[in-house]
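Structure assessment
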Amino acid sequence: APTRYEAESSPATCAGAIESNHAGYSGSGFCNADNAVGAAAQFTVTASAAGSATIAIRYANGATANRPADVLVNGAVAHSGTAFDPTGAWTTWVTKTLTVPVNAGTNTIRLSPTTAAGLANVDYLEIDAAGDPPTGKQ
Ligand code: GCU
Ligand code: CA
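Residues numbered from 1 in each chain as written. Chains lettered and ligands numbered in written order. Predicted model: local features only at pLDDT ≥ 70, side-chain atom pairs only at ≥ 80, totals over all residues.

Turning to the overall build of the protein chain, a few remarks are in order. For the protein chain, the count of helices and strands is 0 helices and 11 strands. Starting at the N terminus, the α and β elements of the protein chain follow one another as β-β-β-β-β-β-β-β-β-β-β. Rg of the C-alpha trace for the protein chain: 14 Å, near the compact-globule value of 14 Å for 138 residues, within the 12% margin. Taken over the C-alpha atoms alone, the protein chain extends approximately 40 × 30 × 25 Å along its principal axes. Counting over 138 residues, the protein chain shows a buried share of 33%. Partitioning the intrachain contacts of the protein chain with sequence separation of at least 6 by distance along the chain shows that 73% fall at a separation of at least 24. (Helix = DSSP H or I, 4+ residues; strand = E, 2+ residues; numbered from the N terminus. Rg over C-alpha atoms; globule rule 2.2 N^0.38 Å. Buried ≥ 20, exposed ≤ 12 C-beta atoms within 10 Å, placed from the backbone. Contact = placed C-beta atoms within 7 Å.)

Time to look at the environment of V73. Note on placement: V73 falls in strand 7 (residues 69-73). Judged by the 20 C-beta atoms lying within 10 Å of it, V73 falls in the buried class. Along the chain, V73 and I109 lie 36 residues apart, while their C-alpha atoms are 4.7 Å from each other. Apart from residues lying up to four places away in sequence, V73 is in contact with A78, V100, P101, V102, N107 and I109.

Next up on the list: the pairing of strand 11 (residues 121-128). For strand 11, a buried count of 6 out of 8 residues is recorded, marking the element as mostly surrounded by other parts of the structure. Strand direction decides the pairing type here: strand 1 (residues 3-6) and strand 11, joined by 4 bridges, are antiparallel. Each residue of the ladder has a partner; that of Y5, found in strand 11, is L125. One ladder, built from 7 bridges, connects strand 6 (residues 51-60) with strand 11; its direction is antiparallel. Bridge pairing in strand 11 places I57 opposite L125. (Pairing = 2+ DSSP bridges.)

Below, the discussion takes up the site of ligand 1. The full set of residues close to ligand 1 is H22, N32, N35, A63, W90, G118 and N121. In the shell around ligand 1, the residues fall into 2 nonpolar, 5 polar and no charged. (Near = placed C-beta within 6 Å. Nonpolar A, V, L, I, M, F, W, Y, C, P; charged D, E, K, R; others polar.)

Cross-referencing UniProt, the feature "domain: CBM6" (unreviewed entry) maps to residues 3-128 in the present numbering. From the first C-alpha to the last, residues 3-128 spans 7 Å; its make-up is 0% helix and 55% strand. (UniProt positions renumbered as here; feature names shortened; annotations may be inferred.)

Of all hydrophobic cores here, the largest spans 33 residues; its most connected members are A7, A41, I109, L111, L119, V122 and L125. Aside from chain neighbours lying at most four places away, what touches L111 is A40, A41, I57, A69, V71, L119 and V122. (Core = buried A, V, L, I, M, F, W, Y, C linked by C-beta atoms within 7 Å.)

Residues A41, F43, V45 and A47 line the buried face of strand 5 (residues 41-47), whereas the alternating positions Q42, T44 and T46 sit on a face that is not buried. One ladder, built from 2 bridges, connects strand 2 (residues 13-14) with strand 5; its direction is antiparallel. Bridge pairing in strand 5 links T13 to Q42. Relative to strand 10 (residues 105-113), strand 5 runs antiparallel, the two sharing 7 bridges. Bridging from a neighbouring strand, A41 pairs with L111 of strand 10.

This is the structure in structure tokens:
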């Protein structure tokens, strides 16, 4: 089963503010990062084995344009300019799924926006670590 890491919970970091004014988030809030290139949300996650892991990023983008971000794992770009498309409202949260390479043990996963609009609001990151058996229900 995936493990959830909330954006508002240390050791996650948010280059902006943890807020709770748009309903529908998990936990106690979400990361509203500054509207600037490189204003990142970062998660520290544990993987059970090295290899390819599926991550799910829950976000809301109530603006009218995509808020692209590089996804870096342990400092290296794994996905460049990943689209975080508009969701229609800041209270409409959706999940974006990606596959990333991970090391066994601790990894950092950083969402670093590539435009001056900054990130979408980020709720959490879930990781289904490499080595998990297939569940057949995903
Ligand atoms: C609004 C919204 C914020 C959001 C921001 C943005 O201010 O309330 O939650 O982060 O727009 O455009 O980034
Ligand atoms: Ca913002």
